[in-house]
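Each chain is listed here by its residues.
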Amino acid sequence: MNRVVFYGLVVLLICGQGYAGKFYTTQDRTKLYIERDQKLNWYEAQSQCAMRNMSLITLDSVKKFKQFTRLSDNEFCYNFPDSWIGGHGKRDGTYAWISTGYNFNFTQWERYQPITGGERKCVLILGNTYEWVSEFCSELRGFVCESLPILWETSRAMDKLKSSLETQKQEVDSFSNLTKVLQMKDKEIEELNNTYESNRKKLIEFECKKESYKCTEEKIRNTETEIDGIQNSNKDQRRLLQAMDMELDKLRKELELEKKTGNKEFDEIMAFVKEALEKQKHLL
């Protein structure tokens, strides 16, 4: 029994903190004010919201509805009170939101709701099911306010603007870095141009030398042709010299032979002359 009492006190301490009128913030940073203790009719509730620069809450999407129910479950331990929200009936039987003037395009009506006709024109959200019912606007209930849509839309726009400015700043920083990179690339391009110009001059010199080499090669070929001609001429001259040497040897041999033959005849003639002289001497 004591344990049950203890747990009951813990629940009261934790959940009781959300009962007084208090500001809350949803996941999408929408600011809410939830009043449980002060009971007002729908018009007075809207007036209290306006005094806080707010309006009765607009639950015009599944996302907003789920964010609201999740927050209320966490803050009120599944003991959320019946409360006025910003829906109200129009003369044509449709319902609209007080903060935007737009007709309902998302609803969470309880079965057999809304009740058309009569004075039940203000929308109440039930704390136990979060379903909606149309109720007499004069009923006294708690209420839920939210920052005026134009304000939180402006806040969102400001957040987007801040994000955009931050992105632009990053882009500027990136552009600055890109400028530095481009400057470095310009220097590299300039160096490449200088290298290209130097190589172009070297290529021109090479082409000139190449032409010179062609001329030199042509001269070498002509010289080789002349040398071949001279060598061939030398071969002919060698053959001629050899023939002349052979002819000279032949002549030498003939001369030797003639010399030998001539000496013999000369000796015979000289002997004949001597003999004739001797005979003359004897005759004298």
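Quantities reported herein were computed from a predicted structural model and do not represent experimental measurements.

> Just give me the short version of the state of the cysteines, but keep the residues and values in it.
For the structure shown, the criterion picks out two disulfides. The disulfide partner of Cys49 is Cys145, and the gap between their sulfur atoms is 1.8 Å. Here Cys49 and Cys145 share a disulfide; its torsion about the S-S bond, -75°, makes the bridge left-handed. Of the two residues, Cys49 is situated in helix α2 (residues 42-51) and Cys145 in strand β8 (residues 141-147); the sequence distance between them amounts to 96 residues. Exposure remark for Cys145: the relative accessible area of 0% places this residue in the buried category. What pairs with Cys122 in a disulfide is Cys137, and their sulfur atoms sit 1.8 Å apart. For the disulfide bridge between Cys122 and Cys137, the dihedral angle about the S-S bond is near 95°, and by the sign convention the bridge is right-handed. Here Cys122, found in strand β6 (residues 120-125), pairs with Cys137, found in the loop between β7 (132-136) and β8; they are 15 residues apart in sequence, far enough to count as distant. You'll find Cys122 and Cys137 in the same group, each marked buried.

> I'd love a proper account of helix α3 (residues 62-76), names of residues and values included.
The terminal C-alpha atoms of α3 lie 21 Å apart, and with 15 residues this matches the ideal 21 Å at 1.5 Å per residue to within 8%. For α3, every residue scored as buried is listed here: Lys64, Phe65, Gln67, Phe68, Thr69, Leu71, Ser72, Asp73 and Phe76. Following α3 by one or two positions, Cys77 has its phi on the positive side, about 50°.

> With reference to specific residues and values, describe the packing of aromatic side chains.
Applying the stated criterion to the full structure yields 17 aromatic pairs. Relative to Tyr130, the ring of Phe68 lies with its centre 6.3 Å away and its plane at 80°, an arrangement referred to as edge-to-face. Remark: Tyr130 occurs in the loop between β6 and β7 and Phe68 occurs in helix α3; sequence separation between them is 62 residues. For Phe68, a relative accessible area of 1% translates into the label buried. Tyr130 sits in the buried class, given a relative accessible area of 9%. Centre to centre, the rings of Phe104 and Trp132 are 5.6 Å apart; their planes meet at 70°, and the pair counts as edge-to-face. Here the residue Phe104 occupies a position in the loop between β5 (95-97) and β6, and Trp132 occupies one in strand β7, the gap between them amounting to 28 residues. Owing to a relative accessible area of 15%, Phe104 belongs among the buried residues under this scheme. Chaining the aromatic ring pairs together yields one cluster made of Phe65, Tyr95, Trp97, Phe104, Phe106, Trp109 and Trp132. Taking the ring centre of Phe23 as reference, the NZ or CZ of Lys31 above it sits at 4.7 Å.

Conventions adopted
Position numbers for residues start from 1 in each chain and track the written sequence from start to end. At least 70 in pLDDT is required for a residue's local features to be given in this predicted model, at least 80 for side-chain atom pairs to be given and counted, and no such filter applies to totals for whole chains, interfaces and linings, which use all residues. Calculated side-chain values reflect all of the structure's heavy atoms, with hydrogen atoms and water omitted. Disulfides are defined in this document as cysteine sulfur pairs within 2.5 Å. Only runs of H or I of at least four residues qualify as helices and only runs of E of at least two qualify as strands under DSSP, and these elements are numbered from the N terminus. The buried label goes to any residue with under 20% of its type's maximum accessible area, the exposed label to any with over 50%, and the partly exposed label to all in between, with areas taken from a 1.4 Å probe on protein chains only. Here a helix's expected span is defined as the number of its residues, less one, multiplied by 1.5 Å. Only centres within 6.5 Å qualify two rings of Phe, Tyr or Trp (six-membered ring in Trp) as a pair; their planes then separate them into stacked at under 30 degrees, edge-to-face at over 60, and tilted for everything else. Placement of a charge over a ring requires the Lys NZ or Arg CZ to be within 6 Å of the ring centre, with the centre-to-atom vector within 35 degrees of the ring normal.

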